[in-house]
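Summary of structural features
What follows is the residue order along each chain.
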Amino acid sequence: MVIIMLGAQGTGKGTVAGLISEQTKLPQISTGDIFRLNISEKTELGIEADKYISQGNLVPDEITVPMVANRLQEKDAEDGAILDGFPRTIEQAKSLDEILKKSGKKVNLVINLSTPREEIIDRMLTRRICSNPECKLIYNTKLHPPKVEGICDRCGAPLKQREDDLDPVVINKRLETYETQTAPLVEYYKEKGVLRTETVSMSINRMGKDVAEDIINNVLKK
Ligand code: AMP
């Protein structure tokens with residue numbers, strides 16, 4: 001089964017993908033995480049990708065698409081995957097269709113998370129991630145703080161803020177990029193009949209874990 005997480009930054013894609021991955025054992029493939037790991041290890045890919053990421057722009061398809069295609073060929077993705085952060089443009093979605101077709105797969109479910117913009121910015125500013133690349137658990141200092149400030153509950157590593165969550169100019173640029181380049185994917189997948197839109201918002205007391213629970217119990221187990 002191939003599941004795609006869609007939605008603006010800070011809507012909780014990573015949290016929902018992580019919870020569904022734990023239940024289904026499908027690997028969570030986050031393009032952002034792969035880039036961040038490469039940036040921290042200063043690989044050639046990381047140095048190149050950082051030029052775009054630090055400005056809030058998308059990394060070009062020549063880099064991103066083969067990276068995802070290779071990752072999907074790994075053994076753990078034999079039965080599918082949860083793609084978190086890919087595709088982000090119609091072109092990438094078309095490339096993904098082609099990649100999946102080669103192994104007899106297709107996109108089965110697209111979970112589109114929607115959150116009011118004011119909340120999104122706040123969630124990005126209060127987001128913290130575990131610095132251990134094996135863990136990467138996501139926290140929020142207001143909504144879902146760790147038991148001990150600055151320390152991951154799961155593995156004990158220090159928490160950190162993402163570089164691209166620090167600068168309001170970059171945050172706004174990323175949201176603008178989402179609106180112009182990624183939001184059209186909602187229609188693309190609606191037409192294919194695989195879209196499921198979910199609101200994540202404090203105003204209705206519905207968080208990522210509630211969405212994940214619903215999808216696990218009402219969609220995946222049926
Ligand atoms: P994310 O962790 O998904 O918010 O991604 C962080 C950054 O990595 C994005 O702001 C982009 O610069 C880059 N990125 C992640 N996924 C993609 C993608 N599918 N295509 C192009 N750039 C991406």
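Residues numbered from 1 in each chain as written. Predicted model: local features only at pLDDT ≥ 70, side-chain atom pairs only at ≥ 80, totals over all residues. Heavy atoms only, no water.

1. Observations concerning the site of the ligand
The criterion, for reference: Being near a molecule or strand, for a residue, comes down to having at least one heavy atom within 4 Å of it. What qualifies as a polar contact is a pair of N or O atoms within 3.5 Å, subject to a donor-acceptor requirement within protein and to the restriction that residues adjacent in sequence count only when both atoms come from side chains. Every accessible area reported is derived by Shrake-Rupley at a probe size of 1.4 Å, with residue values counting cover from the shown protein chains alone. Secondary structure elements are taken from DSSP: a helix is a run of H or I of four residues or more, a strand is a run of E of two residues or more, and numbering for both begins at the N terminus. Residues are grouped as follows: nonpolar covers Ala, Val, Leu, Ile, Met, Phe, Trp, Tyr, Cys and Pro; charged covers Asp, Glu, Lys and Arg; every other residue, Gly included, is treated as polar.
Neighbouring residues of the ligand: 15 residues in total, closest T31, N57, G85, R88 and Q92. Separating a nitrogen atom of the ligand from a backbone N or O atom of G85 is a distance of 2.9 Å. Interatomic distance of 2.9 Å between a side-chain N/O atom of Q92 and a nitrogen atom of the ligand. Look at the ligand: alone it shows 470 Å² of surface, and the protein chains cover 96% of it. Considering each element in turn, the shell around the ligand owes the most residues, four residues, to helix α2 (residues 31-40). Residue classes in the shell around the ligand are distributed as five nonpolar, six polar and four charged.

2. With respect to the pairing of strand β5 (residues 127-130)
We apply this condition: Think of it this way: DSSP has to see at least two bridges between two strands before they count as a pair.
Bridge count for β5 against strand β6 (residues 138-140) is three bridges, and the pairing is antiparallel. In the sheet register, R128 faces β6, and the bridge partner there is Y139. Relative to strand β7 (residues 159-160), β5 is paired through two bridges, and the arrangement is antiparallel. Each residue of the ladder has a partner; that of C130, found in β7, is L159.

3. Focus on helix α4 (residues 61-72)
To be explicit about the condition: For a helix, the expected span equals 1.5 Å multiplied by the number of residues minus one. Burial status follows relative accessibility: with a 1.4 Å probe on protein chains alone, a residue under 20% of its type maximum counts as buried, one over 50% as exposed, and anything between as partly exposed.
A rise of 1.5 Å per residue sets the reference length of α4, with its 12 residues, at 16 Å; its end C-alpha atoms lie 16 Å apart and thus fit the reference within 8%. Buried residues of α4: I63, T64, V65, M67, V68, A69, R71 and L72, and no others.

4. Quick notes on the environment of T199
Put simply, the test is: Between two residues, a contact is recorded if the distance between any of their heavy atoms is within 4.5 Å.
Secondary-structure assignment places T199 in strand β8 (residues 195-199). Put simply, T199 and G7 are 192 residues apart on the chain and 10.0 Å apart in space, counted from C-alpha to C-alpha. Non-local contacts of T199, meaning those with residues more than four positions away in its chain, are made with S114, I204, R206 and V211.

5. Some points on the sheet that holds strand β2 (residues 28-30)
Note the cut-off: Axes here mean lines fitted to C-alpha atoms, for a helix over just the part in contact, with angles spanning 0 to 180 degrees between N-to-C directions.
If you walk across this open sheet you meet the five strands as β2-β3-β1-β4-β8, and the pairing is parallel. The outermost strands of the open sheet, each flanked by one partner alone, are β2 and β8. Between one strand axis and the next, the sheet turns by 20° as a mean value, whatever way the strands run. Bridging between β2 and strand β3 (residues 81-84) involves three bridges; their strand directions are parallel. Its bridge partner being in β3, Q28 is matched across the sheet by I82. Contacting β1 (2-7), β2, β3 and β4 (107-114), helix α1 (residues 13-24) runs over the sheet at an angle of about 170° to β3.

6. Side note on the sheet that holds β5
On the basis of which strands lie adjacent, the open sheet formed by three strands has the order β6-β5-β7 and antiparallel pairing. Looking at the sheet topology across the chains shown, the edges are occupied by β6 and β7.

7. Regarding unusual backbone geometry
Here the amide bond leading from F86 into P87 is cis, since omega sits at 0°, within 30 degrees of zero. Its place among the elements puts P87 in the loop between β3 and α5 (90-102). Positive phi is not limited to glycine here, since K25 has a value of about 70°. Here K25 shows up in the loop between α1 and β2. Given the relative accessible area of 67%, K25 is considered exposed.

8. What about the packing of α2 against α4?
The condition is simple: Orientation categories follow fixed angle ranges, with anything under 35 degrees roughly parallel, anything over 145 roughly antiparallel, 65 to 115 roughly perpendicular, and all other angles oblique.
Running from amino to carboxyl end, α2 crosses α4 at an angle of 105°, the nearest separation of the two axes being 11 Å. Comparing the axis directions of α2 and α4 gives the class roughly perpendicular. Judged by residue contacts, T31, I34 and F35 of α2 engage I63, T64, M67, V68 and R71 from α4. Considering only residue class, the contact of α2 with α4 consists of five nonpolar, two polar and one charged.

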